[in-house]
Amino acid sequence: SAVISQKPSRDICQRGTSLTIQCQVDSQVTMMFWYRQQPGQSLTLIATANQGSEATYESGFVIDKFPISRPNLTFSTLTVSNMSPEDSSIYLCSVDRGLSETQYFGPGTRLLVL
Amino acid sequence: AQSVTQLDSHVSVSEGTPVLLRCNYSSSYSPSLFWYVQHPNKGLQLLLKYTSAATLVKGINGFEAEFKKSETSFHLTKPSAHMSDAAEYFCVCGGSSNTGKLIFGQGTTLQVKP
């Protein structure tokens, strides 16, 4: 498995501001992922973040809104930019060690935008 | 394209009775399949995974799932429910191993009554 931490665990933000979420893993991993879980919904993949390359975004998500950094093999950040109440969600990072595609998830960041 | 359908959005059982959470998948190739559990205000925890080995997969906390290719199903079962099993359960299909993407079902809320 993997030990994954996220900061902050929760936040309340004002519309129009930005929030950067950090994801830290206890060992080096190639693939990291960012997901969004809207209230009462399932998880939707935002983007894949591989070290040394640009993040790959899923349909409906754009870099200007959700810029991602992946400076090394144990860390990534997701920024939620120019927030609106519709961005209120849980944001989760996950890692894939490359073993049978098993992904391990962080505890999530609970974001409320007023 | 791959997809996952969880047939029940909500399942209610009495403590000590069997649990059955149903999942069907659609994939153009032999997929990896997973069940994750999400307790309230917690991250996702891997319950079990199928990766083309034994079709009956045993997981943590007494859960197991059976892969049935002919029925394209991967139902989750447990012989006897505990109060602590009350949570949200997600059936997940692995994408191409080159991308590491996961496809999530919509989730099933398991309620356990005393």
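Residues numbered from 1 in each chain as written. Chains lettered and ligands numbered in written order. Predicted model: local features only at pLDDT ≥ 70, side-chain atom pairs only at ≥ 80, totals over all residues. Heavy atoms only, no water.

S.K.: Help me understand the overall build of chain A, please; the structure alone is not making it clear to me.
M.R.: Scanning chain A from N- to C-terminus turns up zero helices and 11 strands. Secondary structure elements of chain A, listed N to C terminal, follow the sequence β-β-β-β-β-β-β-β-β-β-β. The C-alpha radius of gyration computed for chain A amounts to 13 Å, which stays within 12% of the reference 13 Å derived for 114 residues, consistent with globular compactness. C-alpha extents for chain A along the principal axes are approximately 40 × 25 × 20 Å. Mean positive and mean negative side-chain charge positions of chain A (8 and 9 charges, respectively) differ by 8 Å. (Helix = DSSP H or I, 4+ residues; strand = E, 2+ residues; numbered from the N terminus. Rg over C-alpha atoms; globule rule 2.2 N^0.38 Å. Lys, Arg positive; Asp, Glu negative; His and termini not counted. Charge placed at Lys NZ, Arg CZ, Asp CG, Glu CD.)

S.K.: I'm lost on the pattern of salt bridges in this one. Help?
M.R.: A side chain with one charge can pair with a side chain of the opposite charge if their charged atoms come near. What the rule picks out here adds up to five salt bridges over all chains. Notably, a salt bridge pairs Asp87(A) with Lys65(A), separated by 2.7 Å at the nearest N-O pair. With Asp87(A) in the loop between strand E8 (75-80) and strand E9 (89-96) and Lys65(A) in the loop between strand E6 (56-57) and strand E7 (68-72), this pair connects stretches of sequence that are 22 residues apart. With a shortest N-O distance of 2.8 Å, Glu64(B) and Lys58(B) are connected by a salt bridge. Judged by its relative accessible area of 23%, Glu64(B) falls in the partly exposed class. The exposure class assigned to Lys58(B) is exposed, which follows from its relative accessible area of 64%. (Salt bridge = Lys/Arg side-chain N within 4 Å of Asp/Glu carboxyl O. Buried < 20%, exposed > 50% of the residue type's maximum accessible area, 1.4 Å probe, protein only.)

S.K.: How should the interface of chain B and chain A be read in this particular structure?
M.R.: Facing 24 residues of chain B, the contacting portion of chain A comprises 21 residues. For the pair chain B and chain A, the summed buried surface comes to about 1,700 Å²; carbon and sulfur atoms form 50% of the total. Of all residues in chain B, Leu44(B), Lys101(B) and Phe104(B) bury the most surface against chain A, accounting for 25% of the area lost on that side. Linking chain B to chain A there are one salt bridge. With a shortest N-O distance of 3.1 Å, Glu58(A) and Lys101(B) are connected by a salt bridge. Applying the counting rule to chain B against chain A returns five residue pairs in polar contact (both at pLDDT 80 or more). The set of elements that each furnish at least two residues to the side of chain B that touches chain A consists of strand E5 (33-38), strand E6 (44-50), strand E10 (87-94) and strand E11 (102-104) of chain B. Taken together, the residues that form the side of chain B that touches chain A break down as seven nonpolar, 14 polar and three charged. (Contact = heavy atoms within 4.5 Å. Buried area = accessible area lost by both parts, 1.4 Å probe. Polar contact = N/O pair within 3.5 Å; in protein donor to acceptor, adjacent residues only side chain to side chain. Nonpolar A, V, L, I, M, F, W, Y, C, P; charged D, E, K, R; others polar.)

S.K.: For this particular structure, what's the right way to read the confidence of the model for chain B?
M.R.: Across chain B, the average pLDDT comes to 91, with 96% of residues at 70 or higher. Per-element mean pLDDT across chain B ranges from 90 in E11(B) up to 98 in strand E3 (residues 19-21) of chain B. (pLDDT = per-residue confidence, 0-100.)

S.K.: What is the right way to look at the packing of aromatic side chains in this model?
M.R.: Each pair of aromatic rings is reported with the distance of its centres and the angle of its planes. The tally for this structure, following the rule as stated, stands at 13 aromatic pairs over all chains. Between Phe61(A) and Phe66(A), the ring centres sit 5.6 Å apart and the planes meet at 65°, which makes this aromatic pair edge-to-face. Per residue, the accessibility class of Phe61(A) equals that of Phe66(A), and both read buried. Ring pairing ties together the aromatic residues Tyr35(A), Phe105(A), Phe34(B), Tyr36(B), Phe90(B) and Phe104(B), which thus form one cluster. (Phe/Tyr/Trp six-rings, centres within 6.5 Å; stacked < 30°, edge-to-face > 60°.)

S.K.: What am I meant to see in the environment of Lys58(B) here?
M.R.: All names here are of chain B. Its place among the elements puts Lys58 in strand E7 (residues 56-58). In this structure, Lys58 is in contact with Leu48, Phe63 and Glu64, ignoring residues within four places of it in sequence. At 2.8 Å, the side chain of Lys58 and the side chain of Glu64 are in polar contact.

S.K.: Which parts of the structure should I look at to understand the state of the cysteines?
M.R.: Note on terminology: disulfide describes a covalent bond linking the sulfur atoms of two cysteines. Evaluated as defined, the whole model comprises two disulfides over all chains. Cys23(A) shares a disulfide with Cys93(A); S-S distance 2.0 Å. Residues Cys23(A) and Cys93(A) are joined through a disulfide that is right-handed, its torsion about the S-S bond being 70°. Here Cys23(A), found in strand E3 (residues 19-25), pairs with Cys93(A), found in strand E9; they are 70 residues apart in sequence, far enough to count as distant. For Cys23(A), a relative accessible area of 0% gives the class buried. Between the sulfur atoms of Cys23(B) and its disulfide partner Cys91(B) the distance amounts to 2.0 Å. Here the S-S torsion is close to -65°, and the disulfide linking Cys23(B) with Cys91(B) is therefore left-handed. Within this pair, whereas Cys23(B) is found in strand E4 (residues 23-26), its partner Cys91(B) is found in strand E10, the two being separated by 68 residues in sequence. Classification of Cys23(B) as buried rests on a relative accessible area of 0%. In this model Cys13(A) remains outside any disulfide bridge; the closest cysteine sulfur is found in Cys93(A), 17 Å from its own. The closest cysteine sulfur to the non-disulfide-bonded Cys93(B) is located on Cys91(B), 7.8 Å from its own sulfur. (Disulfide = S-S within 2.5 Å.)

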